[in-house]
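# Chain and residue survey
This is what each chain is made of:
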Amino acid sequence: MERQNFVMFAEAVLLLLMTICTGMTAAVSVDGQYSFVVNSSNSPVQAEYDYIIVGGGTAGCPLAATLSEKYKVILLERGGAPFEKPNVVSINNFARVLADIDDATISPAQGFQSLDGIYNRRARVLGGGSAINAGFFSRANPEWINNRHMKWNRVNASFEWVEAVVASFPNMGTWQTTVFNGLLEVGVGPNNGYTYDHIVGVKVGGSIFDRTGHRRTAADLLQYANADNIFVYLYANVHQILFNFDPATGNPKAAGVLYTDEHGRAHTALLSNTVGSEVIITAGALGSPQLLMLSGIGPADHLNEFDIPVVLDQPGVGSGMCDNPTLTMMVPSRLPLEQSLISTVGIMAGGFYIEAASGPNEALGEVVALNTLDPEYRTFDLLRTFASMVPNFPQDALQDIANAGVLLGKIADPVSTGYLRLNTTDVRHNPIVKFNYFEDPADIYACIEGVRVMVELTRSRAMSNLTYPLPESVKTWAGYVAPLAPDTTEAALLGQWCRQTVLTIWHFHGGNYRDVVVDHTYRVIGVDALRIIDGSTFNSSPGTNPQATVMMLGRYMGLEILDERATSA
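Since this is a predicted model, take the numbers as computed values, not measurements.

So, how was this worked out
Residues numbered from 1 in each chain as written. Predicted model: local features only at pLDDT ≥ 70, side-chain atom pairs only at ≥ 80, totals over all residues. Heavy atoms only, no water. Helix = DSSP H or I, 4+ residues; strand = E, 2+ residues; numbered from the N terminus. Buried < 20%, exposed > 50% of the residue type's maximum accessible area, 1.4 Å probe, protein only. Lys, Arg positive; Asp, Glu negative; His and termini not counted. Salt bridge = Lys/Arg side-chain N within 4 Å of Asp/Glu carboxyl O. Polar contact = N/O pair within 3.5 Å; in protein donor to acceptor, adjacent residues only side chain to side chain. Contact = heavy atoms within 4.5 Å. UniProt positions renumbered as here; feature names shortened; annotations may be inferred. Pairing = 2+ DSSP bridges. Axes fitted to C-alpha atoms, helices over the stretch in contact; angles between N-to-C directions. Expected span 1.5 Å × (residues − 1). Disulfide = S-S within 2.5 Å.

### A few points about the side chain of Asp534
One can find Asp534 in the loop between strand E28 (530-532) and helix H16 (547-568). It is Arg122 that comes nearest to the buried, bridge-free Asp534 among opposite-charge side chains, at 9.5 Å. Within the structure, Asp534 has its side chain in polar contact with the backbone nitrogen of Ala283 (distance 3.1 Å). One polar contact links Asp534 to Ser536, side chain to side chain, over a distance of 2.6 Å. Those residues in contact with Asp534 that sit more than four places away from it in its chain are Ile281, Thr282, Ala283, Gly284 and Ser288.

Structure follows, in structure tokens:
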């Protein structure tokens, strides 16, 4: 409690100092709402801004807050605000939020199914993935930072800027402690204790859920914004980036964006004449390549299929789509387990992460049920059918399932990649995507070795104090929710198990790779006044969960851009 009070006091002092030292108006939140966050139906039909940011997600919010320190910024978000939706901000409703996958325009999670058959979610809410995910907070692996030649002093300062608002360490209950001890027992070490850092071994990472179960999101970073300079509009669907041509460079140059509000009325945001003004896309791994294509930047032959005028023939847009294959195992417990999302993680040197979650949640079946079917048979209708079955399970089966923990295994650096293509010219609808899970044999080998350790974990002494064999009569019912641990460690059988039970952990990335679509400053190659700063530029997912790094990147690049403007002034 003393630490919590200190953090609250420190944040209040920071906001006061910002106001006194810079003369700007600090963003004041009233019950989580900010005065500058409004429905896009109340936005002007046309206005000019120094920065137009498309996508109020994990990168967009910290980026907008940072740039607003000195410049006029508009942030356009296609969904609503997390503080408007009580389900979003409570740990008890995590699965329920993910299960709300209405394809209209209002649910925080928009469902999509890749051509691989894997059902997935993308965020449609201010705060992006940080408003719908499992909350784990862990920094990038150092190699990821080094490979991008980032400045470590600024990286660390940007992480700390984020952590001061959204991160803390979770309570450790029976399940998370058992998994922690079990991982050490089966040789996943050393013991790294509590840390945000990515270190090989076993650790307790951070969480964006506080110890009362309240979710903090990237939208909370808007408290750093200069309220006089920022305009955040909700339910704003950006349909097109507008271009003119720069005679000095011969390149197309971003001039603004066209968006509609929830009533379908058109609005135009234009860049000001201030030198250095830019459009910055932060719409995520699906949204950013989709918007580029709809705006005429992408493979020319594909754009021609939709009669989209080609602004720039860029075959790299939509290529290299990647998702981290993930496996789950249900572990029955003889004791009631705490409600917990990801806290303990085992980071194996071979590039496999083992995580844990637990606790009763009536919507759990709606989230993971389909991974008990081979991907080629998974359909949306079956998802709904399985979900409707769960409440009607026999009472003993329901009790066993409710008292179970779940282990998750993630392949850290899959080699297999796929592609993204347009499905329609309506930006509100999902594009077509294929990730090609396990197309490269290296990914199957990584899965086999990781799952072997997961099986050993379920057989460890630490687990034996907690778990028990399910009665045969219950196994069938449990199988509708999540697979039990395989009863073999034979490579061929584990490989088959990996293919049949694979699902996503929602860390998909790619589609606008660095040095292919964007340069090292995240500027779109061959286009002026346009950047992309989000997970679509990643060729690998940073750390065990990317959200901490994406938030850091938003802050980091905001500072880099401010420095560029200062030196060029």
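Moving on from the coordinates now.
### Concerning the UniProt feature "domain: Glucose-methanol-choline oxidoreductase N-terminal" (unreviewed entry) in the protein chain
The positions UniProt marks with the feature "domain: Glucose-methanol-choline oxidoreductase N-terminal" (unreviewed entry) are residues 123-146 and 284-298. The span residues 123-146 carries 21% helix and 12% strand; its end-to-end C-alpha distance comes to 29 Å. Here residues 284-298 runs as 73% helix and 13% strand, with 16 Å between its end C-alpha atoms.

### Here's the deal with the pattern of salt bridges
Scanning the entire structure with this criterion turns up 13 salt bridges. Taking the shortest distance from any N to any O, the salt bridge between Asp426 and Arg428 comes out at 2.8 Å. Judged by relative accessible area, which is 37%, Arg428 ranks as partly exposed. Among the charged side chains, a network of salt bridges with common partners joins Lys151, Arg154, Glu560 and Asp563.

### Section: the sheet that holds strand E5 (residues 51-54)
Pairing within the open sheet is parallel, and its 6 strands lie in the order E3-E13-E6-E5-E17-E28. Taken across any chain shown, the strands that pair with only one partner, and hence form the sheet edges, are strand E3 (37-39) and E28. Between one strand axis and the next, the sheet turns through 20 degrees on average, direction left out of account. Sheet topology note: the strand E17 (residues 278-281)/E28 ladder contains 3 bridges and is parallel.

### A closer look at the sheet that holds strand E23 (residues 352-358)
Here 7 strands make up an open sheet; going across it, the order is E10-E11-E22-E23-E24-E21-E27 and the pairing mixed. Only two strands of the sheet have a single neighbouring strand rather than two, namely strand E10 (191-194) and strand E27 (503-504). For E23 and strand E24 (residues 405-411), the ladder comprises 7 bridges, and the chain directions are antiparallel. By the bridge assignment, Glu355 is partnered in E24 with Leu408. Each of E10, strand E11 (201-204), strand E21 (325-331), strand E22 (344-348), E23 and E24 touches helix H6 (residues 174-185); the most contacted strand, E23, lies at about 155 degrees to it. Across the face of the sheet, helix H12 (residues 441-458) comes into contact with E21, E22, E23 and E24 while running at roughly 45 degrees to E23.

### Structural notes on H6
Structural remark: α-helix, 3.6 residues per turn; residues separated by three or four positions point the same way. Between its terminal C-alpha atoms H6 stretches 16 Å, which fits the 16 Å expected from 12 residues at 1.5 Å a residue. Turning to H6, its buried residues number three or more, namely Trp175, Gln176, Thr178, Val179, Phe180, Gly182 and Leu183. At the C-terminal side of H6, Gly187 shows a positive phi close to 100 degrees.

### Thoughts on the environment of Glu564
By secondary structure assignment, the location of Glu564 is in helix H16. Using a relative accessible area of 25% as the deciding quantity, one classes Glu564 as partly exposed. When the C-alpha atoms of Glu564 and Gly276 are compared, they prove to be 8.8 Å apart, with 288 residues separating the residues in sequence. Setting aside residues up to four positions removed in sequence, Glu564 forms contacts with Thr521, Arg523 and Arg531.

### A look at the state of the cysteines
Taken as a whole and judged by the stated rule, the model has 1 disulfide. Each sulfur in the disulfide pair Cys447 and Cys498 lies 2.1 Å from the other. What sets the handedness of the Cys447 and Cys498 disulfide is the S-S torsion sign, and at about -100 degrees it is left-handed. Linking Cys447 in helix H12 with Cys498 in helix H15 (residues 491-501), this pair joins segments that are 51 residues apart in sequence. The exposure classification of Cys447 matches that of Cys498, with both residues buried.

### So, the UniProt feature "binding site: FAD" (unreviewed entry) in the protein chain
Mapped onto this structure's residue numbering, the UniProt feature "binding site: FAD" (unreviewed entry) falls at Glu77, Arg78, Val125, Val238, Trp506, His507, Gly535, Pro546 and Gln547. For Glu77, the position within the fold is in the loop between strand E6 (73-76) and helix H3 (94-99). Contact partners of Glu77, with chain neighbours within four places excluded, come to Gly55, Gly56, Gly57, Arg124, Val125, Leu126, Tyr233, Leu234, Tyr235 and Ala236. Within polar-contact distance, the side chain of Glu77 engages the backbone nitrogen of Gly79 at 2.7 Å. As for its position among the elements, Pro546 is in the loop between E28 and H16. Those residues within four positions of Pro546 in sequence are excluded, and the remaining contacts are His507 and Ser541.

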